Amino acid sequence: MLTPSDAVNDSELVIISGLTARPVTRCHLGHSAAPLHVWDKDGFGYYRCPQCGLLWVSPQLTDESVAQIYSSGFKSKHATRPRPANFLAYRPRLQRLAHYRSTGRLLDVGCFTGHFLLAAQAAGWAQVEGTEISTPAVEYARAQYGLTVHEGDLTTLNLPHDHYDAVTLSDVIEHVRDPLATIQQVHRILRPGGVLYIDTPHVTSLPYALYKQAWSVFFPWHRTYFSARNMRLALEQSGYRVRYLAAVGVLPFNRHNAWEAYQASSSVQPRVSGLKSKSFIQRYRDVLRPAWLAVKWAHEFPFHLLSRAGIHVGAKLIVYAEKR
């Protein structure tokens, strides 16, 4: 079995735009080959493991710096994500997860304000819980929705063994300091036969081939990037059986730079300008969102077919894996 690497070198801290970071000198999946330098962007280096192809950022923001970014961005992010009028976006995921529902316990790692947990409740899950490192998001989920949300990184929380039917990480695994330790911690808290769901940017995709470092998923609080191959490797050698793996869609298919946007906004009072220009969308979102989701799912369908044939070129990696 792979073991979590000592990838983070504590010997030297660096400061970049007021945020602390540490060099990462080894592959997070435990491989010892010297990493290959791929490019530099926004003052950070990007390195690839020659053995498994894992891509990571170095120097890498510390957990404290990432939490600082999430807390400062809570207002603007929350303002653009009101509670869904319906839970259509979560329906395909919940339908597949329903096959594993036995005790009715589900954990969403990185749940933000808890919209997916609300959707799971509506879909019949009896006990839904979340984890989140953003204090404002935790407080909001607890106060507004009465949800059970554990504050902190999953690897530091003392959650019960063999407890949950399903654990989900949606756009989370790329943010954590040690993705392998996170996957193995999920394995500990899943019941035997339970399921782990992951979605994350797919680094060997069509947008990556076209844009390279200009692809919008490359910013420093995305700390690790997976391919279909090394995701399967990490899961199988951590005690999972991969049941479904696909790379779907071509979104995000643009050059937006989240790091520049973060620097341009105030760390104390993040800007939420632009909401007025979205007033039409906000006003008619109940009608527009189902139409948008229908277009999104239709454009993803061919990628699912390609993935079944072993061709993974989509922008987002989607994985369902069972605990053996």
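Report on the accompanying structure. The structure presented is a predicted model; accordingly, all values stated were derived computationally and were not measured.

The secondary structure content of the protein chain amounts to 11 helices and 14 strands. Buried positions account for 50% of the 324 residues belonging to the protein chain. Pairs at least 24 apart in sequence give 73% of the contacts found in the protein chain among residues at least 6 apart. As displayed, the protein chain has an accessible area near 14700 Å², and 53% of this comes from carbon and sulfur atoms.

A few words now on the sheet that holds strand S14 (residues 316-323). The seven strands lie next to each other as S9-S8-S7-S10-S11-S14-S13, forming an open sheet whose pairing is mixed. Whereas interior strands pair on both sides, the edge strands pair on one side only; in this sheet they are strand S9 (148-151) and strand S13 (240-248). Averaged over all pairs of adjacent strands, the angle between their axes in this sheet comes to 15°, without regard to strand direction. Here S13 pairs with S14 via eight bridges, running antiparallel. Bridged to Ala247 within S14 is Leu317. On top of the sheet, helix H5 (residues 135-145) reaches strand S8 (127-132) and S9; it is set at about 160° to S9, its chief contact.

All right, on to the pairing of strand S2 (residues 19-22) then. Burial along S2 is one-sided: the face carrying Leu19 and Ala21 is buried and the face carrying Thr20 and Arg22 is not. Both strand S1 (residues 14-16) and S2 contribute to a ladder of three bridges, which runs antiparallel. Following the sheet pairing, Val14 is matched in S2 by Ala21. Between S1 and S2, which pair antiparallel in sequence order, lie two residues; one of them, Ser17, sits at a positive phi of approximately 50°. Looking at chain direction, S2 and strand S6 (residues 60-61) are connected through two bridges and run antiparallel. In the sheet register, Arg22 faces S6, and the bridge partner there is Gln60.

Here we take up the nonpolar core. Generally speaking, nonpolar side chains in soluble globular proteins are found buried as a group. Within the largest apolar cluster, 37 residues are counted, with the highest numbers of intra-cluster contacts made by Val167, Leu169 and Leu235. At the level of secondary structure, the elements contributing two or more residues to this core comprise strand S7 (105-109), strand S10 (164-170), helix H6 (179-189), strand S11 (190-201), helix H8 (228-236), S13 and S14. Ignoring anything within four residues of it in the chain, the contact list for Leu235 reads Ile183, Leu196, Ile198, Tyr240, Val242, Val319 and Ala321. Of all hydrophobic cores here, the second largest spans 28 residues; its members include Ala141, Leu147, Val195 and Ile318.

What follows is about the pattern of salt bridges. For the structure on display, the rule yields 10 salt bridges. Put simply, Asp162 and Lys323 hold a salt bridge, and the shortest N to O gap is 2.6 Å. With Asp162 in the loop between S9 and S10 and Lys323 in strand S14, this residue pair connects regions lying 161 residues apart in the sequence. Three or more residues are tied together by salt bridges with common partners; here these are Asp63, Arg177 and Arg223.

What follows concerns unusual backbone geometry. The omega torsion of the bond from Ser58 to Pro59 falls at 0°, within 30 degrees of zero and hence cis. Of note in the backbone geometry, Asp42 takes a positive phi value of approximately 55° without being a glycine. Residue position: Asp42 is located in the loop between strand S3 (36-41) and strand S4 (44-48). Given a relative accessible area of 24%, Asp42 falls into the partly exposed group. Positive phi is not limited to glycine here, since Lys212 has a value of about 55°.

What follows concerns the sheet that holds S1. With antiparallel pairing, three strands are arranged side by side in an open sheet as S1-S2-S6. What marks the edges here is a single partner per strand, and that holds for S1 and S6.

Before going further, it helps to spend a moment on the side chain of Ser307. As for its placement among the helices and strands, Ser307 is situated in helix H11 (residues 285-308). In this view, Ser307 contacts Leu245, Ala246, Ala247 and His312; residues no more than four positions away in its chain are not counted.

What follows deals with H5. Within H5 the residues assigned to the buried category are Ala137, Val138, Ala141 and Tyr145. The buried residues of H5 occupy an angular sector of 105° when projected down its axis, which confines them to one face. Facing away from the buried side of H5 by more than 90 degrees, the exposed set consists of Glu139, Ala143 and Gln144. Immediately downstream of H5, the backbone of Gly146 shows phi near 65°, a positive value.

What counts as what
- Residues numbered from 1 in each chain as written.
- Predicted model: local features only at pLDDT ≥ 70, side-chain atom pairs only at ≥ 80, totals over all residues.
- Heavy atoms only, no water.
- Helix = DSSP H or I, 4+ residues; strand = E, 2+ residues; numbered from the N terminus.
- Buried < 20%, exposed > 50% of the residue type's maximum accessible area, 1.4 Å probe, protein only.
- Contact = heavy atoms within 4.5 Å.
- Areas by Shrake-Rupley, 256 points an atom, 1.4 Å probe, with all protein chains shown as cover.
- Pairing = 2+ DSSP bridges.
- Axes fitted to C-alpha atoms, helices over the stretch in contact; angles between N-to-C directions.
- Core = buried A, V, L, I, M, F, W, Y, C linked by side-chain atoms within 4.5 Å.
- Salt bridge = Lys/Arg side-chain N within 4 Å of Asp/Glu carboxyl O.
- Arc of directions from axis to C-beta.

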